[in-house]
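Descriptive structure summary
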Amino acid sequence: MKKTLLALTLLLPSLVMGDASIGVLDPIAALQLSNNVKAKMSSLESELSADEQKLKSLQKDVQKLQQKLQKEAMTMSADQQDTLQTQGQQKMIEIQSLQRKLQKRANEAQRDILEEMQPKLKTALAAVAKREKLDVVLNAQAVMYTKPDLDITEAVGKQLNSMK
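Read on for a plain summary of the structure. (Residues numbered from 1 in each chain as written. Predicted model: local features only at pLDDT ≥ 70, side-chain atom pairs only at ≥ 80, totals over all residues. Heavy atoms only, no water.)

Take unusual backbone geometry next. One non-glycine residue, Lys 133, adopts positive backbone phi at about 55 degrees. Residue placement: Lys 133 occurs in the loop between helix H4 (78–132) and strand S2 (136–139). Taking the relative accessible area as the measure of exposure, Lys 133 reaches 65% and is therefore exposed. (Helix = DSSP H or I, 4+ residues; strand = E, 2+ residues; numbered from the N terminus. Buried < 20%, exposed > 50% of the residue type's maximum accessible area, 1.4 Å probe, protein only.)

For the rest of this paragraph, the subject is the nonpolar core. Ranked by size, the top nonpolar core spans 14 residues in total, and within it Leu 31, Met 117, Leu 121, Ile 152, Val 156 and Leu 160 carry the most contacts. Where this core is concerned, the elements lending two or more residues are helix H2 (27–33), H4 and helix H5 (153–162). The element that contributes the greatest number of residues to this core is H4, accounting for 6 residues. In this structure Met 117 touches Leu 31, Ser 34, Asn 36, Val 37 and Leu 160, once residues within four positions along its chain are discounted. (Core = buried A, V, L, I, M, F, W, Y, C linked by side-chain atoms within 4.5 Å. Contact = heavy atoms within 4.5 Å.)

A separate point is the packing of H4 against H5. A pair of packed helices is captured by two measures, namely the crossing angle of their axes and the spacing between those axes. Running from amino to carboxyl end, H4 crosses H5 at an angle of 120 degrees, the nearest separation of the two axes being 9 Å. Considering their axes alone, H4 and H5 lie oblique with respect to each other. Considering how the two elements wind past one another, H4 and H5 form a crossing that is right-handed. Note on element contacts: H5 touches H4 through Ala 155, Val 156, Gln 159 and Leu 160, opposite Met 117, Lys 120, Leu 121, Ala 124, Leu 125, Ala 127, Val 128 and Arg 131. Looking at the contact of H4 with H5, its residues break down into 9 nonpolar, 1 polar and 2 charged. (Axes fitted to C-alpha atoms, helices over the stretch in contact; angles between N-to-C directions. Parallel < 35°, antiparallel > 145°, perpendicular 65-115°, else oblique. Left-handed = near helix turned anticlockwise from the far one by under 90°. Nonpolar A, V, L, I, M, F, W, Y, C, P; charged D, E, K, R; others polar.)

It is worth spelling out H4 at this point. With 55 residues, H4 extends 75 Å between its outermost C-alpha atoms, agreeing within 8% with the 81 Å of an ideal straight helix rising 1.5 Å per residue. Where H4 is concerned, the buried positions are Leu 84, Gly 88, Ile 95, Leu 98, Leu 102, Ala 109, Ile 113, Met 117, Leu 121, Ala 124, Val 128 and Ala 129. Of the surrounding elements, those touching the buried residues of H4 are H2, helix H3 (35–72), S2 and H5. Taken from the residues just after H4, Lys 133 is the one with a positive phi, measuring 55 degrees. (Expected span 1.5 Å × (residues − 1).)

Residues spaced three or four apart along an α-helix face the same direction, because each turn holds 3.6 residues. For H3, spanning 38 residues, the distance from its first C-alpha to its last is 53 Å, which sits close to the expected 56 Å at 1.5 Å a residue. Most pronounced at Ser 49, the bend in H3 amounts to some 45 degrees. Along H3, the residues that are buried comprise Val 37, Leu 44, Leu 48, Asp 51, Leu 55, Leu 58, Val 62, Leu 65 and Leu 69. Backbone nitrogen of Asn 36 and a side-chain oxygen of the N-cap are separated by 3.2 Å at the start of H3; the cap is Ser 34. (Bend = angle between axes of the 7 residues up to and from the residue. Polar contact = N/O pair within 3.5 Å; in protein donor to acceptor, adjacent residues only side chain to side chain.)

Turning next to the environment of Leu 150. As for its position among the elements, Leu 150 is in the loop between S2 and H5. Once the C-alpha coordinates of Leu 150 and Leu 138 are considered, the two residues, 12 residues apart in sequence, prove to be 9.9 Å apart. Discounting chain neighbours no more than four positions away, the residues touching Leu 150 are Ile 22, Gly 23 and Val 24.

Everything listed here is a matter of geometry and, on its own, says nothing about what the molecule does.
Here it is as structure tokens:
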């Protein structure tokens, strides 16, 4: 990050003075435009859907247990209340475990997709930069303001889709 800021600091005066052509790219948005990434994300969603359904079911079960405990607490024995509370706690532990599993799998998949797509993104960016005759391409996340016509995100996304 420091190197990027230093490079920008050193480059900006020469860019302002010269006729440098600048583009701005949101790399995550460009990747999300890629059919390859869309297919991988759809596959991941399908893979995780059973666990997500189980998670929703567990959450409903916990909610029902809590409602039952609230409504019937006065008429239940202490043992019955303890049993319901224990069941609720066990389901909460299961929910937390399942949430961690889902989050871990989603993070792994995202990391795998980024690793696979990084070289393709660089190739697509280079092709668009060459075609548009850009001297510098800045990450949109590092730019406070830009004219919309400097944004090459969509062009890079289209380039990614045209690549094999």
